[in-house]
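The lines below spell out each chain.
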Amino acid sequence: MKIGLLTGGGDSCGINAAIRAIVIKAADDGHQVIGIRNGWAGTIEGWFSEITPEAVSGILPRGGTMLGTSRTNPFRMEGAVEKLQRNYEEAGMDAIVAVGGDDTLGVAHRINALEEAIPAVGVPQTIDNDVSGTDFAIGFHSAVEIATEAVDRLMTTAESHSRIMVLEVMGRDAGHVALAAGVAGGADLILVPEHSFTVEEVVDTVKQRRDAGRTFSLIVAAEGAKPKGVEQATVSEKTDAFGHVRLGGVADFLANEVEGRTGFETRSMNLGHLQRGGASTPFDRILATQFGYAAVEMVERGEYDRMVAIQGNQITSVPLEEAIGKTRPVDEALYRMANDLYRLGRMRPAA
Ligand code: F6P
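Our subject in this report is the structure included herewith. (Residues numbered from 1 in each chain as written. Predicted model: local features only at pLDDT ≥ 70, side-chain atom pairs only at ≥ 80, totals over all residues. Heavy atoms only, no water.)

Approximately 780 Å³ is the volume attributed to the largest pocket. If you go around the largest pocket, you meet 34 residues; those closest to its centre are Arg-71, Asp-128, Arg-172, Glu-223 and Arg-276. Among the elements of the structure, helix 4 (102-112), strand 9 (234-239) and strand 10 (245-247) are those that each provide at least two residues to the lining of the largest pocket. For the lining of the largest pocket, a count of residues per class yields 5 nonpolar, 14 polar and 15 charged. Shared between two domains, the lining of the largest pocket takes at least three residues from each, and those domains are domain 1 (2-138 + 280-323) and domain 2 (142-276). Looking at the second largest pocket, it is lined by 15 residues, and the ones nearest its centre are Leu-189, Glu-201, Tyr-335, Asn-339 and Arg-346. Those elements that provide at least two residues to the lining of the second largest pocket are strand 7 (189-191), helix 7 (199-211) and helix 11 (332-347). Of the residues forming the lining of the second largest pocket, the biggest block, 5 residues, is contributed by helix 11. Its residues placed into classes, the lining of the second largest pocket shows 6 nonpolar, 4 polar and 5 charged. (1 Å grid on protein atoms, 1.4 Å probe; cavity = no way out; pocket = protein on both sides within 12 Å on 5 of 7 lines; lining within 4 Å. Points joined across faces, edges and corners; volume = space filled by probe spheres on them. Helix = DSSP H or I, 4+ residues; strand = E, 2+ residues; numbered from the N terminus. Nonpolar A, V, L, I, M, F, W, Y, C, P; charged D, E, K, R; others polar. Domains from an automatic or database assignment.)

This is how it looks when you write it as structure tokens:
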């Protein structure tokens, strides 16, 4: 078989491990892998070239994607789907494996449904970890490790200088990175898109901590966290091909508000793309390898229009239709526990 392989959407650590597994497994089973450059853009432009097992040697731990990526939606571009179909046929491909988040997987689902169906299998990859049907997407674990390290590092400066620190992490529609890193690093307040907040709540938290003798506080906010009654912070008016605006600024906004209302020195930091780069964690490497291997098996069995997934430590698959278009929110029990724990902690006097 000729298997087309593309990576789309925001990059993350671990994608290369998936590419490597797909290429090696496919070659071993007698298939050819055609690398498609820059996500769905490559299908429209015909940016195809074979990836041999030699080409993936050494890429396992590396961040980014050797195939390049883009946020391209052929279904929103005049004539693009026809070009995609023509290029796919001319290249003699039998199926496409698409690695990415909700947008990339959404396109994979739609090409399965075309009149001249293009069989496609999805592999979830996004640091936001918000794809439904899977407990984890590639890249999340590595991002949490980076964000946790940032919390640890900022915590010591917050404490030394008796400051309030606000750390902004990625998470457009769901706050998985913020919640995980916040719990792992012992943040005093965690703000996620799933639960809007008021500036008063934030101010009360840092004041209560001061009253209890704790002169510093660390707040982790997901970029998509929504202060009630305030327009969401964006760094640009521009939208991508899927209609998403560029988020960023909630930490800056909060730092200004908190300092203005309390007089406590408050600083902000946006971790930004640091969360998406660098070597992947062992967890992500193993997950990506399992996902890549399973995706090739799914193509071999003709299990199309599905996404490889992990549920309760078992590698499985779910229909793409069930995975896309709905954000997987943070675990409510973990969120409640985190809030409760920090509420109790800030009421206790400092030792
Ligand atoms: O991949 C998802 C994501 O990490 C979002 O959390 C964030 O809003 C977005 O990517 C930023 O993407 P870009 O690098 O394209 O601006």
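Next, the rest of the story.
With that settled, consider unusual backbone geometry. Its identity as a non-glycine residue notwithstanding, Asn-38 has a phi of 55°, on the positive side. Here Asn-38 lies in the loop between strand 2 (32-36) and helix 2 (40-45). On the basis of relative accessibility, which here comes to 25%, the residue Asn-38 falls in the partly exposed class. Even without a glycine there, the phi angle at Ser-162 is positive, about 50°. (Buried < 20%, exposed > 50% of the residue type's maximum accessible area, 1.4 Å probe, protein only.)

Turning our eyes to something else, we now look at empty space enclosed by the protein. Evaluated as defined, the whole model comprises 1 cavity of 30 Å³ or more. There is about 30 Å³ of room inside the largest cavity. Lining the largest cavity, in full, are Gly-9, Trp-40, Ser-70, Arg-71, Thr-72, Asp-103, Thr-104 and Phe-242.

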